[in-house]
Amino acid sequence: MTLPNPSSDRALNIYLTLSEYPILRTRIRHLMRKMLFTRGVVTREVFEAEARQKAIHTQYREGMQDPFGEEAPEIWEERLRRVRDHLTDFYFAYNFPYEEFEELVRRAISEHSDERPDMVTFNPELAPQDMLFDQAEAIEQMPPDERGRYEARLQEIKAVLIRTMISDHLAYINLARRWFTIDDLKRIHQRKIGQGKIGGKSAGMLLAARVLKDVAEEDVRCCVRIPESYYLSSDVMYAFMSSNGLMHWGDQKYKDEAEIRDDYPQLRADFATGKFPDDILAALRTTLYEIGQQPIIVRSSSLLEDNFNTSFAGKYESYFLPNQADLESNLTALIRAVALIYASGLNPDALLYRREKGLIDYDERMAILIQLVEGERFGRYYLPHAAGVGFSRNLYRWSPQIRKEAGFLRLVWGLGTRAVDQIGDDHPRLVALSHPTLYPGTSIKQIRRHSQKYVDVIDLEMNEPATLPIAAVLEARYPPLRYIAQFEEEGYLSSLRTSMVDVNQLVITFDDLLRRTPFARRMQSLLSLLERSYASPVDTEFTVQVTAPQSAQPDVKITLLQCRPQSRIEEQEAHIPENLPEKDIVLATRRMVPRGLVENIDYVVFVPPEGYFSLKSHDQRAKLERAIGSLNALLKDQRFICVGPGRWGTSTPDLGVHIGYGDIYNTRALVELAGQGIGLELEPSFGTHFFQDLMEAHIYPLAICLDDQDMVFNRDFFYTPPNRLTDWLPADKTLLRCLRLICVDDFRPGHRMTLIMDDEEGRAVAFLKARED
């Protein structure tokens, strides 16, 4: 079919009447609106508000009593489109002469008279998304010999759709453009509320799923899926802030640290009481109606999240919602969760992280990812058979035979929160995928001690998330029990062969899941494929379902919840000097040693265990935490490491120093002490959100058990030099007992400290070395 001759007036009538040119008609109306806006006839905001009002009026005329709740989203969008077109024609006819309209149409047709009618050239950056989808679908449906002519245009349209709907980061666009189909992008469009982007967390999950669908072997492809997901786009955050008078909080990122911290409680309270505009509220209500009474998780998906070198791991909030009440109560809970996630975008740790990464001037809007929680009901509780985080590179090997390129998992029973956070004296199962059944500990006592004691679930009867002892939830009749736990008796762990067991003697090990199902092999393959496709190591979050658990050959289903480039330190190869004098060694350990080098260390921030555990009140510990944060800022131009009892960054102060990323990001290493009266046994935090922060900030975590025979802890170095703390900040006697700042030069004049970590030898040593300057 040829286009009409643009030189004749009849061309205009043909344009208006023939249905063969829907894309051209849409494009011309877009140009008409552009003329209205640029020439000052009406502003875009006034036009959109009037279109929305008139669309609602048409609903009332059709007899709807609740326009926001009675109409499906896709029907509402079509109604709004038709009203926009009507308003466009109305404003244009009353403000421009017919000749301008005629010239606009004639020029458009003339420019594309040699094209197929559905292949009219236009600027994708300016075109409506419906127009982009129409043309892209037409290209994908062409015969191969004809499609080649339009392949470049298809790639351009994909790039624009990805940039406007998902992410504007070039590394992501370049990767995603090669994998996403137009159908993939259209499904996102159909599940999206708002006009903005869906954010980094959603982007990573969707891209990983598409990669695996295309390149994974059938064995992996058939067992991997993503959860049912809905997206609240990033522009809605500003609409929420504007309609609730919250825009004055937008400059938080430029305030000093003390003001950011002082303001946050009030900021959070202000956001928590916010309301959404009626059309967004209606869309959220429709989404919940579609979901029904399935538990959901409401997750942050900011524009900067899960990018290369900036994961923002754990910086923003997520909320599990049981969703078991009536629709309006569920909606109220959802609105509050979204509002609090918006507030978390301005929390101190997130803003300080952005500042340290040089991202403070970026317009960091927050999108929201709403997902159905993966799992099943067991009694009154809802939970998955297993959940965890997976890494394509194992950076901390506990045995020389472990291959780092095979990957690593942190695996828990129940909701995955316990896999990503350091929670009390509780532990996930650590899995080296090259040797899945090889434990970090060697004795049954160590395996039990470093096993999971509590489980996170959704309590459907109480309509709330809950944390419970394993024995309160686990029962002998639990179908996948044999793949999750083992029975401890007389110093041995054995697989379950009968349902007649005492749950108090069960230990969560996942040994039979790793040994008797294809789970470990599939996870290794999955992580390896994603690493090759991303051209970078990756980390993922996932859930696991054991299918046919009673059969002789059970299978597993893996649901991918998240995928992002793995945070890691660029490894520096260094070897420990031979025959180091014992007097020069300050620290030495063989526990979970990475590969790396830190030179020219001038200061050590030391928290004496006896001083720390003598602090009895929350206020005293909070004062210590603030002092460490202040030292971190004051020592930003110095090389220093931190040494202290238990876990740095733990959420339980009795188990270690409760600090956040914003308190330690300038240090070069965090050394954790255990044993000899400290009363703690260290289990590696590799894979937690806090660990991700350390990797991105190039901070090495190390553990020293003072009971190990081959460790070194030079007490003279840590206790005999003067405490330099008061040279940098005010300190009373209580603070001086629990925080020491050691200058290396005070212990041995003319010297600095060097820390070498040799993963091949499995040993890390910090030693004194004469200054070279």
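As a reminder, the structure under discussion sits directly above these lines.
Residues numbered from 1 in each chain as written. Predicted model: local features only at pLDDT ≥ 70, side-chain atom pairs only at ≥ 80, totals over all residues. Heavy atoms only, no water.

Novice: Lay out a negative patch on the surface in plain terms, naming residues and giving numbers.
Specialist: Negative charge collects at one region of the surface, where Asp251, Asp256, Glu259 and Asp262 lie side by side. Looking at where aspartate 262 falls in the secondary structure, it is placed in helix H15 (residues 257-272). (Patch = residues over 30% accessible without salt bridge, like charges linked within 9 Å, V, L, I, M, F, W, Y side chains within 5 Å. Areas by Shrake-Rupley, 256 points an atom, 1.4 Å probe, with all protein chains shown as cover. Salt bridge = Lys/Arg side-chain N within 4 Å of Asp/Glu carboxyl O. Lys, Arg positive; Asp, Glu negative; His and termini not counted. Charge placed at Lys NZ, Arg CZ, Asp CG, Glu CD. Helix = DSSP H or I, 4+ residues; strand = E, 2+ residues; numbered from the N terminus.)

Novice: Which residues make up the pattern of salt bridges, and what values go with them?
Specialist: Scanning all chains against the criterion turns up 52 salt bridges. Residue lysine 54 pairs with glutamate 50 through a salt bridge whose shortest N-O separation is 3.9 Å. Taken together, the residues lysine 54 and glutamate 50, both in helix H3 (residues 44-61) and 4 residues apart, mark about one turn of the helix. The exposure class of lysine 54 is partly exposed, given its relative accessible area of 36%. With its nearest N and O atoms 3.6 Å apart, the salt bridge here joins lysine 769 to glutamate 772. Taking the relative accessible area as the measure of exposure, lysine 769 reaches 34% and is therefore partly exposed. Here glutamate 772 falls in the exposed class, since its relative accessible area comes to 72%. (Buried < 20%, exposed > 50% of the residue type's maximum accessible area, 1.4 Å probe, protein only.)

Novice: Before we move on, could you go through the pairing of strand E27 (residues 751-758) and cite the residues and values that matter?
Specialist: Counting buried residues along E27, 8 of its 8 residues qualify, which places the element largely inside the surrounding structure. Neither face of E27 is left uncovered, since the one carrying His751, Met753, Leu755 and Met757 and the one carrying Arg752, Thr754, Ile756 and Asp758 both have all their residues buried. Summarising the sheet, strand E20 (residues 596-601) and E27 pair through 4 bridges and their orientation is antiparallel. Considered in E27, the bridge of isoleucine 601 is made with methionine 753. Hairpin remark: E27 followed by strand E28 (residues 763-770), antiparallel, with 4 residues in the connecting loop; positive phi at glycine 762, about 70°. (Pairing = 2+ DSSP bridges.)

Novice: Lay out the sheet that holds strand E16 (residues 506-508) with the relevant residues and their values.
Specialist: Backbone-to-backbone hydrogen bonds join strands into a sheet, with any given pair of strands oriented parallel or antiparallel. Across the sheet, 3 strands lie side by side as E15-E14-E16; this open sheet has antiparallel pairing. For this open sheet the edge positions go to strand E15 (492-494) and E16, each flanked by a neighbour on one side alone. Here the average twist between neighbouring strands, direction ignored, is 40°. (Axes fitted to C-alpha atoms, helices over the stretch in contact; angles between N-to-C directions.)

Novice: Lay out the nonpolar core in plain terms, naming residues and giving numbers.
Specialist: Where a protein is soluble and globular, its nonpolar side chains tend to be buried together. By size, the foremost hydrophobic cluster in this structure holds 85 residues, and its most contacted members are Ile166, Leu185, Trp413 and Phe519. Top contributing element to this core by residue count: helix H24 (residues 519-534), with 8 residues. Residue contacts for tryptophan 413: discarding those within four places in its chain leaves Leu383, Pro384, His385, Ala386, Gln452, Val455, Ile470, Val473, Leu474, Tyr478, Ile484 and Phe510. (Core = buried A, V, L, I, M, F, W, Y, C linked by side-chain atoms within 4.5 Å. Contact = heavy atoms within 4.5 Å.)

Novice: Lay out the packing of H15 against helix H17 (residues 327-344) in plain terms, naming residues and giving numbers.
Specialist: It is at 8 Å that the axes of H15 and H17 come closest, and there the two elements cross at 150°. In this view, H15 runs roughly antiparallel relative to H17, as classed from their interaxial angle. The element H15 and its partner H17 pack so that their crossing is right-handed. Every residue of H17 that contacts H15 at Tyr264, Leu267, Arg268, Phe271 and Ala272 is listed here: Arg336, Ala339, Leu340, Tyr342, Ala343 and Ser344. Partitioning the contact of H15 with H17 into residue classes produces 8 nonpolar, 1 polar and 2 charged. (Parallel < 35°, antiparallel > 145°, perpendicular 65-115°, else oblique. Left-handed = near helix turned anticlockwise from the far one by under 90°. Nonpolar A, V, L, I, M, F, W, Y, C, P; charged D, E, K, R; others polar.)

Novice: Residue-level account of the packing of aromatic side chains, with values.
Specialist: Throughout the structure, instances matching the rule amount to 21 aromatic pairs. Relative to tyrosine 91, the ring of phenylalanine 90 lies with its centre 5.8 Å away and its plane at 80°, an arrangement referred to as edge-to-face. Classification of phenylalanine 90 as partly exposed rests on a relative accessible area of 39%. Aromatic pair phenylalanine 717 and phenylalanine 718: ring centres 5.2 Å apart, planes at 85°, arrangement edge-to-face. The exposure class of phenylalanine 718 is buried, given its relative accessible area of 0%. Cluster of aromatic residues (ring-pair linked, three or more members): Phe606, Phe713, Phe717, Phe718, Tyr719 and Phe747. The positively charged end of arginine 429 is found above the aromatic ring belonging to tyrosine 439, 3.8 Å away from the centroid. Above the face of the tyrosine 612 ring, arginine 621 is positioned so that its terminal group lies 5.1 Å from the ring centre. (Phe/Tyr/Trp six-rings, centres within 6.5 Å; stacked < 30°, edge-to-face > 60°. Lys NZ or Arg CZ within 6 Å of the ring centre and 35° of its normal.)

Novice: So, H3: which residues are in play, and what are the values?
Specialist: Helical geometry: 3.6 residues make up each α-helical turn, so side chains three or four residues apart lie on a common side. For H3, built from 18 residues, the straight-helix expectation of 26 Å at 1.5 Å per residue is met to within 8% by its first-to-last C-alpha distance of 26 Å. For H3, the complete set of buried residues consists of Phe47, Ala51, Ala55, Ile56 and Gln59. Down the axis of H3, the smallest arc covering the buried residues is 165°, so these residues share one side. Residues of H3 that are exposed and angled more than 90 degrees away from the buried face: Glu45, Gln53 and Arg61. Positioned one or two residues after H3, glycine 63 has a phi angle of 95°, which is positive. (Expected span 1.5 Å × (residues − 1). Arc of directions from axis to C-beta.)

Novice: Give a detailed account of the environment of leucine 526, specifying residues and quantitative values.
Specialist: Relative to the helices and strands, leucine 526 resides in helix H24. Separated by 315 residues in sequence, leucine 526 and valine 211 place their C-alpha atoms 9.9 Å apart. Leave out the neighbours within four places in its chain, and leucine 526 touches Leu212, Val220 and Val224.

Novice: If you had to explain the sheet that holds strand E4 (residues 296-302) to someone new, which residues and values would you point to?
Specialist: A sheet is described by the order of its strands in space; here 5 strands give the open sequence E1-E3-E6-E4-E5, paired in mixed fashion. The outermost strands of the open sheet, each flanked by one partner alone, are strand E1 (192-193) and strand E5 (318-321). Of the pairings in the sheet, the one linking strand E3 (residues 229-232) to strand E6 (residues 366-372) comprises 4 bridges and is antiparallel in character. Along E6, the bridge assignment pairs tyrosine 230 with isoleucine 370.

Novice: Tell me what's going on with the pairing of strand E19 (residues 585-589), and back it up with residues and numbers.
Specialist: Among the 5 residues of E19, 5 are classified as buried, and the element is accordingly described as predominantly covered. The pairing of E19 with E28 spans 4 bridges and is classified as antiparallel. Each residue of the ladder has a partner; that of alanine 588, found in E28, is valine 765. Pairing analysis gives 2 bridges linking E19 to strand E25 (residues 712-713), with the strands arranged antiparallel. Paired with alanine 588 across the two strands is valine 712, which belongs to E25.

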